[in-house]
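# Structural characterization, general
Spelled out from the first residue to the last, the chains are:
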Amino acid sequence: MPLHAQLVSDWNAAAETAVVFNPDFPGSAELAAYYAEKRHIPQERVIGLRCTKEDSMSRAEFDAQLRQPLHDLFQTRRWWVGEPPNPAKSLTGDGILAPAASVPTVRVLVLMRGVPFQIRRTAADPKPSQEDEASVDSELATLGLTTPPVNGGLRNPYFNQPTRFPQSQSTTGLLLVGRLDGPDDATVKRMIDDALAAEQTGLLGRAVIDQAQKSGVYQEGEDWLKRSADSYRQAGIPVFIDRHASVLPEAWPLPDTILYFGWYTDHILGALASPEFRFKRGAIACHLHSFSAHVIRSHDQAWAGPLLSHGAAVTFGNVFEPYLSLTVHFDIFNKRLLEGFTVGEAAWNATPALSWMNVVLGDPLYRPFGKGIGSKLGDGNDRDYTLYQGMVQRMAAETDSRIKTAITELAVKRKSPRLLELTALLSALQQKLPEALDLLEHAESMTRDMADLLRLRLYRAEMLRRAGNADAARRLLRQALEDDAFKSQPSRAAVDSLLREMGS
């Protein structure tokens, strides 16, 4: 992975970025200035456009307040050079024109908190997939079109392309659009700072996948999650998969979570909603739901705002019903991210449709793995994550059993229960549950911290449950409830939740 990241050609994305804010929205101008300073974006590319202060706007307002002024500005400042367009293919076959062939000097557009994010429906009772509502962000991604799409979406020519955005022959006239938005100004500033900090220190920690056990027409989403987990495994990022239909239970311990992908509830619940839960700095998180981002500026509604409130630096979602196949494909997003793409590149590379429903919340220039996975050794607990990653990557040609043996030997030598725990997660991922149980027990024998000890017992109970030994799992959980040493631990509530879920 580090070698691959080095081979991904460099691109100074900040030099080709423009920032848009709403002067009428309190704090929007200040946030734009803050971001531009942090990313060294010249003042002439920080643009104030007066528009409604509401979350949504009509199509006429969008055209008058955002699309046309921006298009004129691009033309006036020669941020692209247009040529006669060629016919293109829309999602609905309506003959939407292709982007003007151009050589843009602005490829990235960052919308600040205060710019509306929804374009309301105009058409009455449209046919499926020909709806004219859209996210402001996805519509602006098509700013280089001579005739903007209105009904339905446009096929994204950058979808699942293996090259970075500037090198792709298919991206002429398209823009990568990201949004620095959230529940309040402090959250947005923290998102900016966290992205910059993680780029310097490296994004080290664990991934969490929360399946919903859906099938039939929903199988596609489950497959994205499974392939994402496989990408993490190959990259040496430890991953915990919740294989139950319900979301992760309340207070379930998820330490050092840097990547979270799950589905399918309409608002934040369970472990991620627990007051004590915080993502690790720089984390990227998304819960797939048709209306996950229909509310953004709230700490507790839907998913996008709450995920940011719990410390995520990046999330993405849908402002209206997008249809499953037209949402961001998690597996492609994670593949590109791990290959060293920016968040903006990875998100739009994983999105099949433009002029549609999605928004990318977070710094689109954020490149968490641009220096390669595990490129820094890390300090404290981070050292275990880099050692684990290094071992997995160096021994990529070896069998899984040899890799786990080597990590276990290293854990014993370093007296590191965390390394044993990470190896147990790898065994659980491979459905080798007896092996996972042994490793968790070994980790417990080396642990003195009560929070770590209770987490290990919870994970061991979960492995017993998966292995079909529910009685042993219940006994272990009841013992934890009765142990006075755990009474002050927040994750003790997860013991009670899991027992209730198991019918006890």
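Calculation criteria
- Residues numbered from 1 in each chain as written.
- Predicted model: local features only at pLDDT ≥ 70, side-chain atom pairs only at ≥ 80, totals over all residues.
- Heavy atoms only, no water.
- Helix = DSSP H or I, 4+ residues; strand = E, 2+ residues; numbered from the N terminus.
- Rg over C-alpha atoms; globule rule 2.2 N^0.38 Å.
- Buried < 20%, exposed > 50% of the residue type's maximum accessible area, 1.4 Å probe, protein only.
- Contact = heavy atoms within 4.5 Å.
- Areas by Shrake-Rupley, 256 points an atom, 1.4 Å probe, with all protein chains shown as cover.
- Lys, Arg positive; Asp, Glu negative; His and termini not counted.
- Charge placed at Lys NZ, Arg CZ, Asp CG, Glu CD.
- 1 Å grid on protein atoms, 1.4 Å probe; cavity = no way out; pocket = protein on both sides within 12 Å on 5 of 7 lines; lining within 4 Å.
- Points joined across faces, edges and corners; volume = space filled by probe spheres on them.
- Nonpolar A, V, L, I, M, F, W, Y, C, P; charged D, E, K, R; others polar.
- Axes fitted to C-alpha atoms, helices over the stretch in contact; angles between N-to-C directions.
- Parallel < 35°, antiparallel > 145°, perpendicular 65-115°, else oblique.
- Left-handed = near helix turned anticlockwise from the far one by under 90°.
- pLDDT = per-residue confidence, 0-100.
- Pairing = 2+ DSSP bridges.
- Polar contact = N/O pair within 3.5 Å; in protein donor to acceptor, adjacent residues only side chain to side chain.
- Right-handed = clockwise from strand over helix to strand, strands pointing away.
- Salt bridge = Lys/Arg side-chain N within 4 Å of Asp/Glu carboxyl O.
- Core = buried A, V, L, I, M, F, W, Y, C linked by side-chain atoms within 4.5 Å.

Right, let's get into the overall build of the chain. For the chain, the count of helices and strands is 16 helices and 15 strands. Relative to the compact-globule value of 23 Å for 504 residues, the chain shows a C-alpha radius of gyration of 23 Å, a close match. Considering only C-alpha atoms, the chain reaches an extent of 70 × 45 × 40 Å along its principal axes. Split into buried and exposed, the 504 residues of the chain put 62% on the buried side. Intrachain contacts of the chain at a sequence separation of at least 6 include 74% that bridge at least 24 residues. Looking at the chain as shown, the accessible area adds up to about 19300 Å², and 50% of this sits on carbon and sulfur atoms. Across the chain, the mean location of the 56 positive side-chain charges is 4 Å away from that of the 61 negative side-chain charges.

We now examine the layout of surface pockets. Volume-wise, the second largest pocket comes out at about 340 Å³. In this structure, the second largest pocket is lined by 19 residues; those nearest its centre are Trp252, Pro253, Leu254, Pro255 and Glu276. Among the residues making up the lining of the second largest pocket, the classes are represented as 10 nonpolar, 4 polar and 5 charged.

Time to look at the packing of helix H11 (residues 400-414) against helix H12 (residues 417-429). Remark: H11 packs on H12, axes separated minimally by 8 Å, with the N-to-C direction vectors making an angle of 160°. Of the possible angle classes, the one that applies to H11 and H12 is roughly antiparallel. H12 is crossed by H11, and the crossing has left-handed handedness. For the pair formed by H11 and H12, the contact residues are Lys404, Ile407, Thr408, Leu410, Ala411 and Arg414 on the first element and Leu419, Leu420, Thr423, Leu426 and Ser427 on the second. Among the residues forming the contact of H11 with H12, the class breakdown is 6 nonpolar, 3 polar and 2 charged.

Turning our eyes to something else, we now look at the confidence of the model for the chain. Per-residue confidence for the chain averages 91 on the pLDDT scale, and 91% of its residues sit at or above 70. Below a pLDDT of 50 lies the segment residues 92-103, which in the model reaches 51 contacts outside its immediate sequence neighbourhood of four places, other chains included.

Next up on the list: the sheet that holds strand E9 (residues 206-210). Strand order across the open sheet formed by 4 strands is E10-E9-E11-E12, with parallel pairing between neighbours. Across the chains shown, the open sheet's two edge strands, defined by having one partner strand only, are strand E10 (239-242) and strand E12 (284-287). Ignoring which end each strand starts from, the neighbouring axes of this sheet average 15° apart. Both E9 and E10 contribute to a ladder of 4 bridges, which runs parallel. Looking across to E10, one finds that valine 208 is bridged to phenylalanine 240. Where helix H8 (residues 330-338) meets the sheet, it contacts strand E11 (257-262) and E12, and its direction lies at approximately 160° from that of E11. Contacting E9 and E10, helix H14 (residues 450-466) crosses the sheet at an angle of about 50° to E10.

In this section: the environment of arginine 465. The residue arginine 465 is located in helix H14 in this model. Each C-alpha atom of the pair arginine 465 and leucine 433 lies 9.9 Å from the other, and the pair is 32 residues apart in sequence. At a separation of 2.9 Å, a polar atom in the side chain of arginine 465 contacts the side chain of glutamate 501.

Before going further, it helps to spend a moment on the sheet that holds strand E5 (residues 118-119). The sheet built from 3 strands is open, its strands ordered E3-E5-E6 with mixed pairing. Each end of this open sheet is capped by a strand with a single partner; those strands are strand E3 (56-57) and strand E6 (134-135).

With that out of the way, let us pick up the pairing of strand E1 (residues 17-21). Where burial is concerned, most of E1 is hidden: 5 out of the 5 residues are buried. Along E1, one buried face is formed by Thr17, Val19 and Phe21 and the opposite face, lined by Ala18 and Val20, is buried too. Across 4 bridges, E1 lies against strand E4 (residues 108-112) in parallel orientation. The residue of E4 that forms the bridge with threonine 17 is valine 108. Here E1 pairs with strand E2 (residues 46-48) via 3 bridges, running parallel. The residue of E2 that forms the bridge with valine 20 is isoleucine 47. Handedness of the E1-helix H2 (residues 28-39)-E2 crossover: right-handed.

For the coordinates displayed, the defined rule picks out 38 salt bridges. Arginine 474 is the partner of aspartate 471 in a salt bridge, and the nearest nitrogen-oxygen pair spans 3.0 Å. With aspartate 471 and arginine 474 both in helix H15 (residues 470-482), this residue pair falls 3 residues apart, about one helical turn.

Attention now moves to the nonpolar core. In this structure, Trp252, Leu254, Phe261, Leu272 and Phe333 are the most contacted members of the largest nonpolar core, which totals 166 residues. Ignoring any residue separated from it by four or fewer positions in sequence, one finds phenylalanine 333 in contact with Phe261, Ile284, Phe316, Val328, Val343, Ala346, Ala347 and Ala350.

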